[in-house]
Amino acid sequence: MTAQNRGQTPTIVAIDGPAGSGKSSVSRATARKLGFGYLDTGAAYRALAWHVTDSGLDRENADAVRGSLTHFDYSIGLNPDHVTVTVNGTDVTAAIRTPETSAAVSAVARVPEVREYLTNLFRSIVASSELPGVIVEGRDITTVVFADAPVRILLTADESVRAARRGAELIGAVSAAAESVTDSVVDQTADQIRARDAADSKVVDFMNAAEGVEVVDSTALNFDETVDAVITVIRAATVKEQA
Ligand SMILES: Nc1ncnc2c1ncn2[C@@H]1O[C@H](COP(=O)(O)OP(=O)(O)O)[C@@H](O)[C@H]1O
Ligand SMILES: Nc1ccn([C@@H]2O[C@H](COP(=O)(O)OP(=O)(O)O)[C@@H](O)[C@H]2O)c(=O)n1
């Protein structure tokens, strides 16, 4: 991606929502359409959880988690077509998506110093991007990281729909005829999503829209319709900004 905005602050589109609501896939497609960058903040929390586990530390020990930040050299690209994540030079792009990392991440994300450290990191990544705009998605982007962004969206969908979409993603090649397998994967996925959202909600509120945040509920929308709904909110907000 070429630098298009030398020296200027990019337009920030802040998107929050629960697990499986479509934040990463919808943000990525929207960024592609608008020629914006894309920042997946959950990837950093996942990478830290991976790092803590890889270092043999106890993720329930907040002091150990805080200490692990000293040797956490993190990088992520903003190109929506190629998101590569590294920790201390190791490519962890795939490793941070495993169920083990998903189960470990809430424990590191609740440590206040971790949140402060990563919030500063996200702000500096965006500030030095030299892009016309960046879509930043996570749990506290509309309320903390970029609470003053000109566009702030809460992307939601009913829990059963989110679990079915995530389950379908995990099932991948399994035949639709194997209905019992399909049902049990969706059930397990629903349990994991519910547990992670419950743990994460104790730290930040991403189930209710803060004042001024637009809700896009994709329960009854297909993927393209959801991207269109997000782009409509972005266009309306940026037109208002310029008026
Ligand atoms: N509106 C939608 N209709 C159908 N599938 C969707 C929709 N939005 C997202 N998905 C799919 O749901 C799954 C979960 O989306 P993802 O972007 O990973 O969510 P999140 O980043 O919020 O956890 C993905 O397979 C994605 O393609
Ligand atoms: N801004 C953010 C983003 C993620 N997180 C944490 O990171 C985890 C992984 O985020 P994610 O966005 O990859 O999760 P999914 O919604 O994609 O499943 C969440 O479950 C939170 O614990 C956070 O605390 N704050």
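Computed from a predicted model, the values in this text were never measured in an experiment. (Residues numbered from 1 in each chain as written. Chains lettered and ligands numbered in written order. Predicted model: local features only at pLDDT ≥ 70, side-chain atom pairs only at ≥ 80, totals over all residues. Heavy atoms only, no water.)

(A) Representation of the environment of V204 in the model. Within the secondary structure, V204 sits in the loop between α8 (179-201) and β8 (214-217). For V204, a relative accessible area of 13% gives the class buried. As a C-alpha pair, V204 and V161 span 43 residues in sequence and 22 Å in three-dimensional space. Those residues in contact with V204 that sit more than four places away from it in its chain are R115, R139 and D140. (Helix = DSSP H or I, 4+ residues; strand = E, 2+ residues; numbered from the N terminus. Buried < 20%, exposed > 50% of the residue type's maximum accessible area, 1.4 Å probe, protein only. Contact = heavy atoms within 4.5 Å.)

(B) Broad picture of the side chain of T30. Residue position: T30 is located in helix α1 (residues 23-34). We classify T30 as buried; its relative accessible area is 0%. At 2.7 Å, the side chain of T30 forms a polar contact with the backbone oxygen of V26. In this structure, T30 is in contact with I135, V227, V230, I231 and I234, ignoring residues within four places of it in sequence. (Polar contact = N/O pair within 3.5 Å; in protein donor to acceptor, adjacent residues only side chain to side chain.)

(C) Representation of the UniProt feature "binding site: ATP" (unreviewed entry) in the protein chain in the model. Sequence positions flagged by UniProt for "binding site: ATP" (unreviewed entry) are, in local numbering, G17, P18, A19, G20, S21, G22, K23, S24 and S25. Of the annotated positions named here, the largest pocket is lined by A19, G20, S21, G22, K23, S24 and S25. Relative to the helices and strands, A19 resides in the loop between β1 (11-16) and α1. Among all residues touching A19, those that are not within four sequence positions of it are R139, R162, I193, R196 and D197. (UniProt positions renumbered as here; feature names shortened; annotations may be inferred. 1 Å grid on protein atoms, 1.4 Å probe; cavity = no way out; pocket = protein on both sides within 12 Å on 5 of 7 lines; lining within 4 Å.)

(D) View of the pairing of strand β6 (residues 133-138). In terms of burial, β6 is largely enclosed, as six of its six residues are buried. With burial as the criterion, each face of β6 is covered, one bearing G133, I135 and E137 and the other bearing V134, V136 and G138. Pairing of β1 with β6 involves six bridges; the strand directions are parallel. Across the sheet, V13 pairs through a bridge with I135, a residue of β6. When strand β2 (residues 37-40) meets β6, the two strands line up parallel, connected through four bridges. Directly across from G37, in β6, lies its bridge partner V134. (Pairing = 2+ DSSP bridges.)

(E) Geometry of the pattern of salt bridges. Scanning the model with the defined rule gives 12 salt bridges in all. Across the salt bridge formed by R59 and E60, the nearest N and O atoms sit 3.9 Å from each other. Linking R166 and E169 is a salt bridge whose minimum nitrogen-to-oxygen distance equals 3.2 Å. Taken together, the residues R166 and E169, both in helix α7 (residues 159-171) and three residues apart, mark about one turn of the helix. A relative accessible area of 57% places E169 in the exposed class. (Salt bridge = Lys/Arg side-chain N within 4 Å of Asp/Glu carboxyl O.)

(F) Just the nonpolar core, in detail. By size, the foremost hydrophobic cluster in this structure holds 58 residues, and its most contacted members are Y74 and V85. There are two domains that each give this core at least three residues, and those are domain 1 (10-36 + 132-243) and domain 2 (40-130). (Core = buried A, V, L, I, M, F, W, Y, C linked by side-chain atoms within 4.5 Å. Domains from an automatic or database assignment.)

(G) Highlighting the site of ligand 2. Neighbouring ligand 2 are 19 residues, the closest being K23, R46, R115, R196 and D200. Note that an oxygen atom of ligand 2 is positioned 3.1 Å from one of the side-chain N or O atoms of R166. In the model, an oxygen atom of ligand 2 is placed 2.5 Å from a nitrogen or oxygen of the D200 side chain. Contact with the protein chains hides 98% of the accessible area of ligand 2, taken as 530 Å² for the molecule alone. Here ligand 2 occupies the largest pocket. Listing elements by their share of the shell around ligand 2, those giving two or more residues are α2 (42-54), α4 (99-109) and α8. Across the shell around ligand 2, the residue classes tally to five nonpolar, five polar and nine charged. Counting contributing residues per domain, the shell around ligand 2 is built from domain 1 (10-36 + 132-243) and domain 2 (40-130), each supplying no fewer than three. (Near = heavy atom within 4 Å. Areas by Shrake-Rupley, 256 points an atom, 1.4 Å probe, with all protein chains shown as cover. Sits in = over half its atoms within 2 Å of the grid points. Nonpolar A, V, L, I, M, F, W, Y, C, P; charged D, E, K, R; others polar.)

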